[in-house]
Amino acid sequence: MPYLVASDLPHQTAGRRFRALLQRPGILRLPGTHNGMSALQARAAGFEALYLSGAAMTASMGLPDLGIITVDEVAFFIRQVARAAGLPLLVDGDTGYGEALNVMHMVRVFEEAGAGAVHIEDQLLPKKCGHLNDKKLADAHDMAAKVAAAAKARRDLVVIARTDAASSEGLDGAVARAKLYMEAGADAIFPEALNTAEMFRAFARRMPGVPLLANMTEFGKTPFFTASEFEQMGYAMVIWPVSSLRVANKVQQQLYAAIARDGGTHNMIERMQTRAELYDTIKLHDYEALDRSIVQTILPEGMPQREMIR
């Protein structure tokens with residue numbers, strides 16, 4: 001129970017723990033976790049770090065991913081996921097929610113909420129999913145200023161600069177921007193929406209020694225690659241940003257259709273997490289045992305006696 005018991009809390013900050021994982025051999029696998037339950041399930045599956053997607057956050061709120069939500073709304077999700085799983089978390093910081101001072105505010109809020117890393121992208125508002133068309137890019141030097149501001153504001157938070165330039169400026173433009181962002185203080189680079197294995201390899205060859213993040217989102221511009229394939233192409237991290245939400249939403253849609261059609265949930269029982277599975281995942285009995293170990297009801301030994309009135 002990393003949230004309630006102090007002795008269970010990590011001794012290092014989330015940023016330091018994320019850096020340590022990044023320095024280990026092999027690719028760091030970061031599944032998208034859009035709430036506390038998905039974070040618990042990802043940890044149970046053996047993952048050591050997690051990802052919080054802006055697209056998943058907004059979709060779970062019934063909103064499009066256009067930079068609508070605020071820093072404080074994202075912080076609510078960060079606290080929920082970090083508290084539930086106790087694992088270092090990479091957070092989607094969109095465009096930084098403004099200019100340099102706004103970026104610095106975002107970094108401080110995210111780090112205090114429990115984030116281990118953040119990525120910032122070089123789009124202009126209204127920003128879009130990286131796999132959509134007609135994205136508007138910020139001036140490269142303006143983006144570099146945001147990266148420098150983020151680096152100045154963080155204590156241990158890992159700062160990852162995302163560039164969406166490959167689709168409009170080509171690989172040369174994306175590489176040039178990435179080098180500028182590294183000079184500004186980024187710890188890693190996220191080249192978004194590369195669409196062939198050769199593009200991934202070519203970008204990695206031109207950024208030697210730089211930790212790179214790959215995005216394996218479904219229904220986008222990137223073909224399906226496995227984590228090991230991304231590692232062979234030169235990438236240090238890979239995210240599956242919206243996968244958990246897509247699966248959950250699909251089954252939820254089927255549930256509501258079944259209730260409307262059948263008048264009940266009886267035909268969906270086999271697809272449900274049982275009560276026992278739910279309680280096991282959230283460790284209900286551990287919390288009950290903790291409560292009993294601290295607060296115990298003491299019964300009165302006898303009826304108190306009134307003093308005689310003289």
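Residues numbered from 1 in each chain as written. Predicted model: local features only at pLDDT ≥ 70, side-chain atom pairs only at ≥ 80, totals over all residues. Heavy atoms only, no water.

Novice: Could you clarify how one ought to interpret the packing of aromatic side chains in this entry?
Specialist: A ring pair, where both rings are aromatic, is described by two values, the distance of the centres and the angle of the planes. In this structure the tally under the stated criterion is seven aromatic pairs. Ring geometry for Y97 versus F110: centroids 6.3 Å apart, planes at 75°, classification edge-to-face. Pair noted here: Y97 is in the loop between β3 (89-92) and α5 (100-113) and F110 is in helix α5, with a separation of 13 residues, a long-range link. Of the two residues, Y97 and F110, neither departs from the other in class, the shared state being buried. Where F230 meets Y235, the ring centres are 6.4 Å apart and the plane angle is 70°; that geometry is what we call edge-to-face. F230 gets classed as buried once you look at its relative accessible area, which sits at 0%. Taking the relative accessible area as the measure of exposure, Y235 reaches 3% and is therefore buried. Feature note: the residues F200, F225, F230 and Y235 constitute an aromatic cluster, connected by ring pairs. In this arrangement the basic side chain of R83 is found over the ring face of Y3, its NZ or CZ atom lying 4.8 Å from the centre. (Phe/Tyr/Trp six-rings, centres within 6.5 Å; stacked < 30°, edge-to-face > 60°. Helix = DSSP H or I, 4+ residues; strand = E, 2+ residues; numbered from the N terminus. Buried < 20%, exposed > 50% of the residue type's maximum accessible area, 1.4 Å probe, protein only. Lys NZ or Arg CZ within 6 Å of the ring centre and 35° of its normal.)

Novice: Hey, could you run me through the packing of helix α7 (residues 166-184) against helix α8 (residues 197-205) in this one?
Specialist: Between two packed helices, what matters for the description is the angle formed by their axes and the separation of those axes. Taken N-terminus to C-terminus, the directions of α7 and α8 make an angle of 25°; their axes are 10 Å apart at the nearest point. On the basis of their axis angle, the class for α7 and α8 is roughly parallel. As for the relative orientation of α7 and α8, their crossing is right-handed in sense. Taking contact as the criterion, the partners of A166, L171, A174, V175 and A178 in α7 are, on α8, M199, A202 and F203. (Axes fitted to C-alpha atoms, helices over the stretch in contact; angles between N-to-C directions. Parallel < 35°, antiparallel > 145°, perpendicular 65-115°, else oblique. Left-handed = near helix turned anticlockwise from the far one by under 90°. Contact = heavy atoms within 4.5 Å.)

Novice: Looking at this structure, I do not really get the packing of helix α6 (residues 140-153) against α7. What am I missing?
Specialist: Viewed as axis vectors pointing N to C, α6 and α7 meet at an angle of 30°, and their least axial separation amounts to 8 Å. By the angle class used here, α6 and α7 are roughly parallel. Handedness of the crossing formed by α6 with α7: right-handed. Of the residues in α7, those in contact with A140, H141, M143, A144, V147 and A148 of α6 are R177, L180, Y181 and A184.

Novice: In this structure, what is going on with the pairing of strand β8 (residues 237-240)? I would like to understand it.
Specialist: It is a general feature of regular strands that their side chains alternate between the two faces of the sheet. With four bridges joining them, strand β1 (residues 28-31) and β8 adopt parallel strand pairing. When the bridges of β8 are listed, R29 appears paired with V238. Strand direction decides the pairing type here: strand β7 (residues 213-215) and β8, joined by three bridges, are parallel. From the neighbouring strand, N215 faces β8, where its bridge partner is I239. With helix α9 (residues 227-232) bridging β7 and its parallel neighbour β8, the resulting β-α-β unit is right-handed. (Pairing = 2+ DSSP bridges. Right-handed = clockwise from strand over helix to strand, strands pointing away.)

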